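# Observations on chain architecture
For reference, the chains in residue letters:
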Amino acid sequence: MVIGIDASSANRAKRTGVQWYAYNLLEEFKKLATTDDRVVLYLDAPLLDDMKSLPNNWEARVLKWSLPGWNTFRLSWEMWRRPPDVLFVPANKIPLIHPKKTVTTIHDIGPDRVPNVYEPKVRQQVKAATKAAVKGASKIFTVSQFTKSELVSVYMVLKEKMIVTPLAADTTRYQKLEASKINPVLAKYRLGRSYFLHVGRLENKKNLGTIIRAFETFKSTRGLGDPFELVLVGSPGFGYSTIKQYINGSSAKDSIRELGYVDEADVPAIMNQATAYLFPSWYEGFGIPALETMACGTVLIASDIGALREVAADAAIFVSPSEPEAWARALDRIASEPTVREEFEQKGLERVKEFSWKKTAELTWQEIYL
């Protein structure tokens, strides 16, 4: 049996959520492989150094293509010429031509539920890819029960066609760290020891306007010399100009820090020191940063939405994404009540133990074979 995997999304120097999902699955698949397994990784560029080590009977096949549409056209051509027995596409967009047994992962249907927070072109592309996946895939992985229920509701997908494979945090990187590992990173970015943190692309769907307004209200009650800052880590995305306007117009703008893109190796230390991690998204299919936060022993304050409720259970403080005043009260509570902070830190450390990439990969690998 030949298993083909679209590894293009995993093979990126700067990975985001779906790309980390693909990368972590591939690394775990390597541990599960036997000498009888033949796996072909389809790529649009040569493997990066951290992915080059492959088990026996694994092949990295670079499909050269200089035009847009590598997945749509070049991968389709390869499927027509030399199809594997089964194709796994971890990033939702299956090629036009694909084997009868093609499995994919649908992470969320945000463009259907909150269309206004997506760039129109991206919204159209994602919706088209989701429709094609629903129609063409023989089996669909979903990252949460919430996403599975959304696909039933909006796309009328049969429950029997879907398998829930929850995501995880990379606990080799995201874990409680000693001060000796945290302090150099804080010095590198000139960070203090009292700050609220958000990590991710600075874009409309992350609802950063709500926490900027909440932080402004919080600061207005703290008095002169209050050390708390709001730290935003991530590159600008769709809607950043509006976010920047919120920051520039805020009375607390001098306490709002934009660090831009930060080396992935430094993020766990920054997360460890945060008083709380703020996750105000309008919509999520899962929310890996929630697990990363809890793995670091940091308090999670999250939007009261279906996926984040499913992931964090009782280990987070939940707030409506549309109520800045409620977010401000949550910030004040965590800043002012150490015992509450300690309670949620411990709950988070216990909750994150229920998720692992090993378990996710084992279930996914098993279902690919069936």
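Relevant structure appears above.
Another aspect to go through is the environment of Arg213. Residue position: Arg213 is located in helix H7 (residues 208-220). The class of Arg213 is partly exposed, set by a relative accessible area of 32%. Sequence separation of Arg213 and Ala252 is 39 residues, and the distance between their C-alpha atoms is 9.0 Å. Beyond its immediate chain neighbours, meaning those up to four positions away, Arg213 contacts Tyr246 and Pro324.

Moving on, we get to the packing of helix H12 (residues 324-336) against helix H13 (residues 338-351). Two elements in contact, H12 and H13, have axes separated by 5 Å at closest approach and are oriented at 100 degrees. Taken together, the axes of H12 and H13 are roughly perpendicular relative to one another. Side by side, H12 and H13 meet where Arg333, Ile334, Ala335 and Ser336 of the first sit next to Pro338, Val340 and Arg341 of the second. Grouping the constituent residues of the contact of H12 with H13 by class yields four nonpolar, one polar and two charged.

Overall, the coordinates contain 27 salt bridges when judged by the stated rule. Here Asp44 and Arg12 are joined by a salt bridge, their closest N and O atoms 3.0 Å apart. Linking Asp44 in the loop between strand E2 (38-43) and strand E3 (58-62) with Arg12 in the loop between strand E1 (2-6) and helix H1 (17-32), this pair joins segments that are 32 residues apart in sequence. Exposure remark for Arg12: the relative accessible area of 28% places this residue in the partly exposed category. Measuring nitrogen to oxygen at the nearest pair gives 3.0 Å for the salt bridge that ties Asp226 to Arg222. Three or more residues joined by partner-sharing salt bridges are found here, namely Arg38, Glu59, Arg61, Arg74, Glu78, Arg81 and Arg82.

Cut-offs used in this document
- Residues numbered from 1 in each chain as written.
- Predicted model: local features only at pLDDT ≥ 70, side-chain atom pairs only at ≥ 80, totals over all residues.
- Heavy atoms only, no water.
- Helix = DSSP H or I, 4+ residues; strand = E, 2+ residues; numbered from the N terminus.
- Buried < 20%, exposed > 50% of the residue type's maximum accessible area, 1.4 Å probe, protein only.
- Contact = heavy atoms within 4.5 Å.
- Axes fitted to C-alpha atoms, helices over the stretch in contact; angles between N-to-C directions.
- Parallel < 35°, antiparallel > 145°, perpendicular 65-115°, else oblique.
- Nonpolar A, V, L, I, M, F, W, Y, C, P; charged D, E, K, R; others polar.
- Salt bridge = Lys/Arg side-chain N within 4 Å of Asp/Glu carboxyl O.

None of the figures reported here should be taken as evidence of function without further support.
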